[in-house]
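# Tertiary structure, described
Now for the letters of each chain:
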Amino acid sequence: MAEHKKGNMKFIVLLTVFVIGLLTVLVVFNNKEKQEEVSESTSENEAISTENQPTLGDADAPVQIVEFGDYKCPSCKAWSEQVYPQLKKDFIDTGDAQFTYVNVLFHGEESFLAAKGGEAVYQLAPESFWEFSKNLYANQPESHDEQWVTEELLLEVAKESVEGLDEEKFKENLSSDAVEEAVNVDNGLVEQYDIQLTPTVMINGRILENPFDYEKIKSVIEEELEDRQ
Ligand code: CA
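Reading the values: rules and limits
- Residues numbered from 1 in each chain as written.
- Predicted model: local features only at pLDDT ≥ 70, side-chain atom pairs only at ≥ 80, totals over all residues.
- Heavy atoms only, no water.
- UniProt positions renumbered as here; feature names shortened; annotations may be inferred.
- Donors = N, O, S within 2.8 Å, 3.2 Å for Na, K, Ca; no water.
- Helix = DSSP H or I, 4+ residues; strand = E, 2+ residues; numbered from the N terminus.
- Buried < 20%, exposed > 50% of the residue type's maximum accessible area, 1.4 Å probe, protein only.
- Axes fitted to C-alpha atoms, helices over the stretch in contact; angles between N-to-C directions.
- Parallel < 35°, antiparallel > 145°, perpendicular 65-115°, else oblique.
- Contact = heavy atoms within 4.5 Å.
- Nonpolar A, V, L, I, M, F, W, Y, C, P; charged D, E, K, R; others polar.
- Polar contact = N/O pair within 3.5 Å; in protein donor to acceptor, adjacent residues only side chain to side chain.
- Pairing = 2+ DSSP bridges.
- Salt bridge = Lys/Arg side-chain N within 4 Å of Asp/Glu carboxyl O.

In the annotation of an unreviewed UniProt entry, the entry for the protein reads DsbA family protein, and the organism field reads Thalassobacillus hwangdonensis. For the record of the protein, the UniProt heading Sequence similarities (unreviewed entry) holds the text "Belongs to the thioredoxin family. DsbA subfamily."

### Re the coordination of the calcium ion
Looking at the calcium ion, one finds its protein donor set to be Q53 (OE1), E119 (OE), D186 (OD) and D186 (OD), positioned 2.2 to 2.5 Å from the metal centre. Summarised as a motif, the one-chain spacing of the donors to the calcium ion is Q-x65-E-x66-D. Placement of the pair is E119 in helix α4 (residues 109-124) and D186 in helix α8 (residues 177-192), with a sequence separation of 67 residues. Exposure class is identical for E119 and D186. Each is buried.

### With respect to the packing of helix α2 (residues 74-82) against helix α3 (residues 84-92)
One way to put it is that α2 packs onto α3 with a least axis distance of 4 Å and a crossing angle of 40°. Relative to α3, the element α2 lies oblique. The segment α2 lies against α3, with W79, S80, E81 and Q82 engaging Y84, P85 and L87. Class assignment of the residues belonging to the contact of α2 with α3 gives a composition of four nonpolar, two polar and one charged.

### Digging into the side chain of T200
In this fold, T200 is placed in strand β4 (residues 200-203). Since its relative accessible area comes to 7%, T200 is described here as buried. For T200, the side chain forms a polar contact with the main-chain oxygen of L197, separated by 2.6 Å. Every residue in contact with T200, bar those within four places of it in the chain, is listed here: V66, E67, F68, I195 and I207.

### Topic: the sheet that holds strand β1 (residues 55-56)
Strand order in the open sheet formed by five strands is β1-β3-β2-β4-β5, with mixed pairing between adjacent strands. Each edge of the open sheet carries a strand with a single partner, namely β1 and β5 (206-207). Sheet topology note: the β4/β5 ladder contains two bridges and is antiparallel. Bridged to I203 within β5 is R206.

### Focus: the pattern of salt bridges
Tallying each qualifying case throughout the model produces eleven salt bridges. Measuring nitrogen to oxygen at the nearest pair gives 3.2 Å for the salt bridge that ties K88 to D93. Salt-bridge contacts for K159 lead to E167; the nearest nitrogen and oxygen are separated by 3.9 Å. A network of salt bridges, in which partner residues are shared, links R206, E223, E224 and R228.

### Some thoughts on unusual backbone geometry
Peptide bonds are trans in most cases, and residues, glycine excluded, mostly fall at negative phi. Of note, the bond from T198 into P199 is cis; its omega dihedral lies within 30 degrees of zero at -5°. Looking at where P199 falls in the secondary structure, it is placed in the loop between α8 and β4. If you check the backbone angles, N52 has positive phi at about 60° while not being a glycine. Its location among the elements puts N52 in the loop between α1 (2-40) and β1. The exposure class assigned to N52 is exposed, which follows from its relative accessible area of 59%.

Encoded structure:
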């Protein structure tokens, strides 16, 4: 009897240990899953309408990449110089992805003016937008808090970026309702997609947590390409 009881006790202890172990595994697994969800952080959104937006690459490309950028933002300058060239080479030039730039106005009047500069060029010479964008970021000073975006600078950058620029037309565009409206459309997208940081990079509606993590960018694009095969 005593032996039997002892056996029972042993069984209960073993069962308890087993149940605790199982619960621990479940809790850890569950947390891990939660963590992965957070680090994925790809809130699913619908594809953005790229109508009247500067868009580079094959219009029929299966992957849509959208950068929400602000010419006054140092991280945007860094992203455009450090990450974008590789992205362009690997996925845009190959026809896998198209790339769209949308203005964000987190730094007030200068962001607004710079965005208008981009839209003015886009309306005048769409294919020169990318050169203008690159050259405008190149003009961002290290102490980015100082005022540097002026109409004079935008004209200089436009002259540098657009072959045979019609200067008068550019100046006219800069203060036109159409250009202001284009910037407002971008601002509407920023609100619609609840963009909180610049740069924000969205791939087929998935917002990346860290746009500087190129390996992650690659894996998300490759996943999207596989899904469409
Ligand atoms: Ca735009």
